[in-house]
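Structure at a glance
One-letter residues, chain by chain:
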Amino acid sequence: MLETPPEARPMTTDSDMTISVFASASRLSLKALRLYDELGLLPPERVDPDSGYRYYRARQLPQARLIGLLRQLGLSLADVRAVLDAPAAQQPDLVWNHWTRAETRHVQQRELARYVLRSLKGDPSMTQHFDVQQRFVPAQQVVTVSRRLRVDELPGFIKQQLLALTRQVTQAGAAVLGAPFVVFHGQVNDDNDGPVEVCVPYSGPLKPVGGLTLREEPAHHEAYVTLTRAQFDFPGILEAYDATCAYAAAHGQGGPLSPREVYPHDWDRLDDTDPVGDVAWPFVPQPG
């Protein structure tokens, strides 16, 4: 005699729902329900010890539907867990923060698509609106920290290390001498992780403790453009890199040093329209 499938069996109590019935009521697939059970996001009310069949209850439907909606919003399973584990009063803020980040990423992707299209078309206006200049930078002693990291880690790493390096310089009795800068020895994107080197020029006694590196930054010429705080946003800043690179190529040739961003001002005290720093491209000028 063939066994009756559990989904076709009558409920053992009025509140029991088989996984198939619960899937239909919650509009979640059987595969999703099994996954959410394994991850502890939505375990069944009980599991039959003999057959292993999962049984749910109607009071679990609101959470099941919430999980489904959060996944449709693009939340990762880890973010879904964070929302579910949070107090009820904090859950709306978590969802709103996720959506705000998603909107920011969408805007960045849209602007990046425009940048790529303009690049493919060879649009000369991409770099012509920048006032690119050049300067000579004398050799300077710098304390640095380098790291390979992802795009989302970059802003926090730069801000944290600039503060930490400045504090260590002053606590050691040395003096910050010049504007801090960040050297990009490689691209930072979904496929590349730098490395990125945060540098603070200094003078006076200092020891390479706690993972710090002390080195001399060679004297060099560099093409640079000064940007407002808003212009530093990705992907708009890519055009500034293009402009300085094009200037360097037109007035000399590439050297051993990597492009960098120079931060002479305190960003937290400035508005989006205020000049806050430079994108700079080191190069070797043409003789004469």
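Residues numbered from 1 in each chain as written. Predicted model: local features only at pLDDT ≥ 70, side-chain atom pairs only at ≥ 80, totals over all residues. Heavy atoms only, no water.

Attention now moves to the overall build of the chain. Helix and strand counts for the chain stand at 8 helices and 13 strands. Against the globule reference of 19 Å for 288 residues, the chain gives a C-alpha radius of gyration of 28 Å, more extended than a compact globule. Dimensions along the principal axes, computed over C-alpha positions, put the chain at roughly 95 × 50 × 40 Å. Burial status across the chain gives 35% buried among its 288 residues. (Helix = DSSP H or I, 4+ residues; strand = E, 2+ residues; numbered from the N terminus. Rg over C-alpha atoms; globule rule 2.2 N^0.38 Å. Buried < 20%, exposed > 50% of the residue type's maximum accessible area, 1.4 Å probe, protein only.)

Turning our attention to the sheet that holds strand S3 (residues 54-56). If you walk across this open sheet you meet the 3 strands as S1-S3-S2, and the pairing is antiparallel. One side of each edge strand has no neighbouring strand; the edge strands of this open sheet are strand S1 (17-18) and strand S2 (46-47). Both S2 and S3 contribute to a ladder of 2 bridges, which runs antiparallel. Across the sheet, residue Arg46 finds its bridge partner in S3, namely Tyr55. (Pairing = 2+ DSSP bridges.)

Here we take up the pattern of salt bridges. Throughout the structure, instances matching the rule amount to 18 salt bridges. Asp37 is paired through a salt bridge with Arg54; the nearest N and O atoms lie 2.8 Å apart. Of this pair, Asp37 sits in helix H2 (residues 30-38) while Arg54 sits in strand S3, and the two are 17 residues apart along the sequence. Take Arg54: its relative accessible area is 22%, and that puts it in the partly exposed class. Each of the salt bridges in this network shares a partner with another, and the network as a whole consists of Glu197, Arg215, Glu217 and Arg260. (Salt bridge = Lys/Arg side-chain N within 4 Å of Asp/Glu carboxyl O.)

Let us look at the nonpolar core. Membership of the largest hydrophobic core comes to 35 residues, with the highest contact counts inside it found for Val143, Ile158, Phe184, Val196, Leu227 and Val279. Put simply, the parts of the chain that give this core at least two residues each are strand S5 (140-147), helix H7 (154-171), strand S7 (181-184), strand S8 (196-203), strand S10 (220-228), helix H8 (237-251) and strand S13 (275-285). In terms of nonpolar packing, the next biggest core, distinct from the first, is built from 19 residues, Phe22, Tyr56, Ile67 and Leu84 among them. (Core = buried A, V, L, I, M, F, W, Y, C linked by side-chain atoms within 4.5 Å.)

All chains considered together, the criterion is met by 5 aromatic pairs. Judged by centre distance (5.8 Å) and plane angle (85°), the rings of Tyr263 and Trp267 are edge-to-face. In this structure Tyr263 comes out as buried when scored by relative accessible area, which is 10%. The structure contains a cluster of three or more aromatic residues connected by ring pairs, namely Phe232, Tyr263 and Trp267. Taking the ring centre of Tyr55 as reference, the NZ or CZ of Arg46 above it sits at 4.4 Å. In this structure, Arg135 packs its charged tip against the face of Tyr224, placed 3.8 Å from the ring centre. (Phe/Tyr/Trp six-rings, centres within 6.5 Å; stacked < 30°, edge-to-face > 60°. Lys NZ or Arg CZ within 6 Å of the ring centre and 35° of its normal.)

The next subject is the confidence of the model for the chain. Of all residues in the chain, 94% have pLDDT values of 70 or greater, and the mean over the chain is 88. Note that residues 1-13 has pLDDT below 50 and, in this model, 13 contacts with residues that lie over four places away or in other chains. (pLDDT = per-residue confidence, 0-100. Contact = heavy atoms within 4.5 Å.)

Attention shifts here to the pairing of S8. Of all 8 residues in S8, 7 are buried; the element is thus mostly enclosed. Sheet topology places strand S6 (residues 175-176) next to S8; 2 bridges connect them, and they run antiparallel. Following the sheet pairing, Ala175 is matched in S8 by Ser203. Both S7 and S8 contribute to a ladder of 4 bridges, which runs antiparallel. Its bridge partner lying in S8, Phe181 is registered against Cys199.

Another point: the environment of Gly252. Following the sequence through the fold, Gly252 ends up in strand S11 (residues 252-253). When the C-alpha atoms of Gly252 and Phe283 are compared, they prove to be 6.5 Å apart, with 31 residues separating the residues in sequence. Sequence-distant contacts of Gly252, defined by excluding residues within four places in its chain, comprise Phe283, Val284, Pro285 and Gln286.

So, on to a nonpolar patch on the surface. Together, Leu73, Trp96 and Trp99 give the surface a local cluster of nonpolar side chains, amounting to about 330 Å² of exposed area. Given the relative accessible area of 54%, Trp96 is considered exposed. (Patch = residues over 30% accessible without salt bridge, like charges linked within 9 Å, V, L, I, M, F, W, Y side chains within 5 Å. Areas by Shrake-Rupley, 256 points an atom, 1.4 Å probe, with all protein chains shown as cover.)

On to the packing of helix H1 (residues 19-26) against H2. As a packed pair, H1 and H2 sit with axes 9 Å apart at the nearest point and diverge in direction by 105°. Judged by the inter-axis angle, H1 sits roughly perpendicular to H2. Contacts between H1 and H2 involve Ile19, Ser20, Phe22 and Ala23 from the first element and Leu30, Leu33 and Arg34 from the second. Here the residues of the contact of H1 with H2 sort into 5 nonpolar, 1 polar and 1 charged. (Axes fitted to C-alpha atoms, helices over the stretch in contact; angles between N-to-C directions. Parallel < 35°, antiparallel > 145°, perpendicular 65-115°, else oblique. Nonpolar A, V, L, I, M, F, W, Y, C, P; charged D, E, K, R; others polar.)

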